[in-house]
Amino acid sequence: MVTRASKSPAKKALPAMRLPHISMEQWRCLIAVVEAGGYARAAEALHKSQSSVTYAVQKLESTLQVKAFEIQGRKARLTSVGEMLYRRARLLLEDADAIERAAGRASAGWEAEIAIAVEILFPNWLMFQCLDRFGKESPQTRIEWFETVLEGTPEALRTGKADLVITGIIPPGMPAEHLMTVRATAVAHPDHELHKLGRPVEYRDLRKHRHIIVRDTSAKRDKKALTLDVARRWTVSNMSTSIGAVSRGYGFSWLPEEKIRTELRNGELKPLPMRDMNQLSRSLYLVFADREGAGPGALRLAQIIKEEVKNACLAAGHEQG
């Protein structure tokens, strides 16, 4: 019994990729002539003979069948077509340069993405500076920044969520580098009842008023940890909400000095005259998920963070460690 072979659907041929007729060197010569103001100076800038630069541009014009330059007196001036070619050529060379830099970083093993978990006590403006500086060195590396609280920061290491953390709690058995000490001040709105006592505020006074705190971001947070025994409490998800609530007179809190400078200056917040615990200090540390296995990008970001923190602390006269 003879059976006919089923016909498989014919594969559609992919269109052939059109190869460029103009070399990068020819585009480079065109740009040099425009920016140097002539063939002689362009040749000098490119360390080539004038004849080779002239030939490259003429070859480009011949291949494209256009006139990029017209001679006026002793100077070569761009035609309207030449202006368009110059603009496109600039973009082409910039893209080519970016590809080469990206390939160089890839060959060096730079990560495509780095995840960092940062305790919310750390100043945002300082982290912006760190990430901006890193971005200028490695613009292709994506950054995922998790804003974490208390146990949520070391938890990001344990769960593999972050490659690097800035934390106030050092995970057991993990090496850590001290970064800085941040201070939180007890504050309330100037019209809050605690400011009307006419004497130093004591712990028993706080128990009668609402305490605003930021929620621990860990999955197994201890709701009783690091909170005062008060009758009323609001627990919020981020620092800006806490600052907003206290600034509007809804309660009191200990807030990082670096994050409430504007509110203090504008008179929206006022330090409480506490008898004790007026200021709370916490050390922040830099910790790797795997220091030995960290990629060059994570190592460089960590170095930038240490340098920027040191400079900021020296400028402000704060403790750095």
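Structure: see above.
Anyway, here's the lowdown on the structure attached to this text. (Residues numbered from 1 in each chain as written. Predicted model: local features only at pLDDT ≥ 70, side-chain atom pairs only at ≥ 80, totals over all residues. Heavy atoms only, no water.)

### A few points about the packing of helix α1 (residues 24–36) against helix α3 (residues 50–64)
Relative orientation of the contacting elements α1 and α3 amounts to 110 degrees, with a least axis distance of 9 Å. Taken together, the axis directions place α1 and α3 in an arrangement best described as roughly perpendicular. Of the two elements, α1 crosses α3, and the hand of that crossing is left-handed. Of the residues in α3, those in contact with Gln26, Trp27, Cys29, Leu30 and Val33 of α1 are Val53, Ala56, Val57, Lys59, Leu60 and Leu64. Tallied by class, the residues present in the contact of α1 with α3 amount to nine nonpolar, one polar and one charged. (Axes fitted to C-alpha atoms, helices over the stretch in contact; angles between N-to-C directions. Helix = DSSP H or I, 4+ residues; strand = E, 2+ residues; numbered from the N terminus. Parallel < 35°, antiparallel > 145°, perpendicular 65-115°, else oblique. Left-handed = near helix turned anticlockwise from the far one by under 90°. Contact = heavy atoms within 4.5 Å. Nonpolar A, V, L, I, M, F, W, Y, C, P; charged D, E, K, R; others polar.)

### Overview of unusual backbone geometry
What is expected of a backbone is that most residues other than glycine have negative phi and most peptide bonds are trans. The residue histidine 47 is not glycine, and still its phi comes out positive at about 60 degrees. Structurally, the position occupied by histidine 47 is in the loop between α2 (39–46) and α3. Unusually for a residue other than glycine, glutamine 65 sits at a positive phi of about 60 degrees. Relative to the assigned elements, glutamine 65 resides in the loop between α3 and β1 (69–72).

### Regarding the environment of methionine 180
For methionine 180, the location among the structural elements is in strand β6 (residues 177–188). By relative accessible area, methionine 180 is classed as buried at 7%. Residues methionine 180 and leucine 286, spaced 106 residues apart in sequence, show a C-alpha to C-alpha distance of 9.5 Å. (Buried < 20%, exposed > 50% of the residue type's maximum accessible area, 1.4 Å probe, protein only.)

### Details of the packing of aromatic side chains
With the rule as written, the count across this model stands at five aromatic pairs. An angle of 75 degrees between the planes, with centres 6.2 Å apart, marks the rings of phenylalanine 252 and tryptophan 254 as edge-to-face. For the pair shown, phenylalanine 252 and tryptophan 254 are each scored as buried. Just above the ring of phenylalanine 146 sits the side chain of lysine 161; from NZ or CZ to the centre is 4.4 Å. For arginine 291, the ring lying beneath its charged end belongs to phenylalanine 288, and the centroid distance is 5.0 Å. (Phe/Tyr/Trp six-rings, centres within 6.5 Å; stacked < 30°, edge-to-face > 60°. Lys NZ or Arg CZ within 6 Å of the ring centre and 35° of its normal.)

### Points about the pattern of salt bridges
Taken as a whole, this structure holds 14 salt bridges when the rule is applied. Across the salt bridge formed by glutamate 113 and arginine 142, the nearest N and O atoms sit 3.3 Å from each other. On the criterion of sequence distance, the pair formed by glutamate 113 in strand β3 (residues 113–119) and arginine 142 in strand β4 (residues 142–148) is long-range, its members being 29 residues apart. On the basis of relative accessible area, glutamate 113 is assigned to the partly exposed category, the value being 37%. Glutamate 258 is the salt-bridge partner of arginine 261, the closest N and O atoms lying 2.9 Å from each other. (Salt bridge = Lys/Arg side-chain N within 4 Å of Asp/Glu carboxyl O.)

### Considering empty space enclosed by the protein
Enumeration according to the criterion identifies two cavities of 30 Å³ or more in this entry. Its boundaries defined by the atoms lining it, the second largest cavity holds a volume of some 30 Å³. Every residue along the wall of the second largest cavity is listed here: Val118, Glu119, Ile120, Phe122, Asn124, Trp145, Glu147 and Lys259. Among the secondary structure elements, those contributing two or more residues to the lining of the second largest cavity are β3 and β4. Class assignment for the residues of the lining of the second largest cavity results in four nonpolar, one polar and three charged. (1 Å grid on protein atoms, 1.4 Å probe; cavity = no way out; pocket = protein on both sides within 12 Å on 5 of 7 lines; lining within 4 Å. Points joined across faces, edges and corners; volume = space filled by probe spheres on them.)

### Observations regarding the side chain of serine 253
Looking at the element boundaries, serine 253 is found in strand β9 (residues 253–256). One polar contact links the side chain of serine 253 to the main-chain carbonyl oxygen of isoleucine 212, over a distance of 2.8 Å. Residues contacting serine 253, with those up to four places away along its chain left out, are Thr185, Ala186, Val187, His211, Ile212, Ser242 and Val246. (Polar contact = N/O pair within 3.5 Å; in protein donor to acceptor, adjacent residues only side chain to side chain.)

### A few points about α3
Helix length check: α3, at 15 residues, gives a terminal C-alpha distance of 21 Å against a target of 21 Å (1.5 Å per residue), a fit within 8%. Those residues of α3 not exposed but buried are Val53, Thr54, Ala56, Val57, Leu60 and Glu61. Viewed end-on, α3 has its buried residues packed into an arc of 160 degrees, placing them on one side of the element. Exposed residues on α3 whose side chains face more than 90 degrees from its buried face are Ser51, Tyr55 and Ser62. Positive phi appears at glutamine 65, one or two residues downstream of α3, with a value of about 60 degrees. (Expected span 1.5 Å × (residues − 1). Arc of directions from axis to C-beta.)

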